[in-house]
Amino acid sequence: MKYNPYYVLILILTVGLAGLAVSCTKMDEHYKEFLQGGEITYIGKADSIVFRGGRNRAEIGWLVLSDPKVDSYKVYWNNKRDSVTGPIVKTDKVDTIRVNIDNLVEGTYQFEIVLFDKKGNSSILNNVIGQVYGQQYQESLLNRTYKAIKRTGRNLEINWMLMDETLHAVELSYLDRDNKTVKKVVSATAEWDTLTNFPIGGTFEYRSVFLPDTLALDKFYTPTLEVEELVQEQLVSKTGWKAVLLPTDTYEAEFSSWKIENLWDNNANGNPNFFYQNPNIPGLALPNWFTIDLGSNNRLTKIKVLQLSHADAWMFNYGAPKTFEIYGSNAPAEDGSWAGWILLGDFASVKPSGSAVGTLTAEDIVVGKNGETFAFANTETPYRYIRFKTKSTWGGNNNVMISELTLWGYPAE
């Protein structure tokens with residue numbers, strides 16, 4: 001059989017064109033199906049999202065840029081089970097939108113934001129993750145602690161411990177010496193703080209303020225803690241002591257080196273180092289007394305009397321006080337009278353052996369060298385001045401002989 005090439009070519013072209021027509025028809029139908037809802041239009045998304053967490057609440061903020069079609073928003077959370085919507089009024093500038101969401105359970109959240117235009121076209125979804133705080137966080141907070149509290153004169157100094165960066169500040173208040181309320185805010189980075197004009201044994205209250213993070217909506221406060229200054233009995237400093245020369249006092253020493261100032265020099269100058277009254281004072285008799293200005297107010301608690309102890313023969317003998325009284329005052333009468341003086345204690349020196357004057361046991365000598373300590377009954381009122389009144393001496397002398405006096409108490413200023 002003989003083929004005509006011309007007919008073969010026509011047949012090939014016919015079949016090819018038919019196949020192309022069928023293929024184009026199928027592609028067109030698929031494209032129409034894909035676009036059957038119309039052309040998709042996207043609007044500008046939420047930009048530069050900022051999350052701020054607070055106490056069971058959150059604030060979501062973002063920028064709306066130049067797209068004028070933006071009309072509203074929808075914020076989802078809890079896997080889109082919860083949401084909030086709101087309008088957006090667009091200006092010709094970059095606008096900031098802030099959405100507050102309340103009544104949130106404490107925890108970590110992912111918030112998803114979608115913007116819409118008036119036709120319902122939406123933006124691409126954008127999201128932010130943040131922490132919401134609540135009771136669990138509140139109960140985890142501890143009050144700021146301090147290393148030490150110390151008194152410096154009329155002030156109280158607090159040495160604070162450093163804490164983590166979530167500590168924002170410490171709020172503190174107290175009543176000062178003038179009964180005025182003083183309120184302070186102590187920086188989180190401050191290691192020392194001074195409470196001025198703070199009363200002896202006074203109290204202050206404080207609570208710590210925390211900010212969970214730098215953008216947190218709310219501050220959190222610890223319960224208020226009350227702290228009382230623990231005033232400890234201490235030696236009364238002798239630095240400011242001096243003799244008060246009142247008209248009725250008998251402070252005159254027999255020799256200048258046996259002066260009354262030796263009573264508070266801590267025996268620093270060696271022996272002999274004592275106060276030795278001049279026995280030749282006209283009319284000298286017992287009782288007699290002398291006055292000391294302590295230089296500061298103290299609630300006095302006890303006194304130690306050290307007899308002359310540079311030689312054993314002087315112990316529990318001669319002019320060593322046997323019975324005596326101590327008085328306190330804050331305003332001694334200028335005429336030397338007893339007006340305004342308050343009895344702090346009436347005391348008697350005790351010789352351990354009970355032996356006669358001039359006889360000493362080893363125990364007597366130990367007490368004589370160490371001194372005798374006597375406690376005051378009246379310790380509530382602070383005093384600046386004391387008066388030492390000798391009623392009798394161990395040897396019967398009228399002139400009093402004492403090596404050193406030492407006082408203890410609670411400072412009052």
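Residues numbered from 1 in each chain as written. Predicted model: local features only at pLDDT ≥ 70, side-chain atom pairs only at ≥ 80, totals over all residues. Heavy atoms only, no water.

**Some details on the sheet that holds strand β9 (residues 155–160)**
In sheet architecture, strand pairing relies on hydrogen bonds along the backbone and comes in two forms, parallel and antiparallel.
Consideration 1: Across the sheet, 3 strands lie side by side as β8-β9-β12; this open sheet has antiparallel pairing. Both outer strands of the open sheet, β8 (146–152) and β12 (192–195), are each paired with one neighbouring strand and no more. When strand polarity is set aside, the average angle formed by the axes of neighbouring strands in this sheet is 20°.
Consideration 2: Looking at chain direction, β9 and β12 are connected through 4 bridges and run antiparallel. Its bridge partner lying in β12, Leu156 is registered against Leu195. (Pairing = 2+ DSSP bridges. Helix = DSSP H or I, 4+ residues; strand = E, 2+ residues; numbered from the N terminus. Axes fitted to C-alpha atoms, helices over the stretch in contact; angles between N-to-C directions.)

**Looking at empty space enclosed by the protein**
Consideration 1: Tallied over the entire structure, the rule returns 1 cavity of 30 Å³ or more.
Consideration 2: Estimates place the volume of the largest cavity at around 30 Å³.
Consideration 3: Lining the largest cavity are Val305, Gln307, Pro321, Phe324, Ser349, Glu372 and Phe374.
Consideration 4: Among the elements of the structure, β20 (321–329) and β22 (372–375) are those that each provide at least two residues to the lining of the largest cavity.
Consideration 5: By residue class, the composition of the lining of the largest cavity is 4 nonpolar, 2 polar and 1 charged. (1 Å grid on protein atoms, 1.4 Å probe; cavity = no way out; pocket = protein on both sides within 12 Å on 5 of 7 lines; lining within 4 Å. Points joined across faces, edges and corners; volume = space filled by probe spheres on them. Nonpolar A, V, L, I, M, F, W, Y, C, P; charged D, E, K, R; others polar.)

**Describing the side chain of Thr301**
Consideration 1: Along the chain, the position of Thr301 falls in strand β19 (residues 288–306).
Consideration 2: Among the residues examined, Thr301 registers a relative accessible area of 9% and is labelled buried.
Consideration 3: Ignoring sequence-local partners within four residues, the contact set of Thr301 consists of Glu233, Phe374, Ala375, Phe376, Thr379, Trp408, Gly409 and Tyr410. (Buried < 20%, exposed > 50% of the residue type's maximum accessible area, 1.4 Å probe, protein only. Contact = heavy atoms within 4.5 Å.)

**What to know about the packing of aromatic side chains**
Consideration 1: Applying the stated rule across the entire model yields 30 aromatic pairs.
Consideration 2: Centroid distance Phe204 to Tyr206: 6.1 Å. Interplanar angle 35°. Geometry classified as tilted.
Consideration 3: Among the residues examined, Phe204 registers a relative accessible area of 1% and is labelled buried.
Consideration 4: Considering the side-chain rings of Phe347 and Phe376, the 5.9 Å spacing of their centres and the 50° angle between planes classify their relative orientation as tilted. You can see Phe347 sitting in strand β21 (residues 342–348) and its partner Phe376 sitting in the loop between β22 and β23 (383–393), a full 29 residues away along the chain.
Consideration 5: The class of Phe376 is buried, set by a relative accessible area of 6%.
Consideration 6: The positively charged end of Lys238 is found above the aromatic ring belonging to Trp241, 5.8 Å away from the centroid.
Consideration 7: Geometry around Trp394 places Lys322 over its ring, the cationic atom sitting 4.6 Å from the centre. (Phe/Tyr/Trp six-rings, centres within 6.5 Å; stacked < 30°, edge-to-face > 60°. Lys NZ or Arg CZ within 6 Å of the ring centre and 35° of its normal.)

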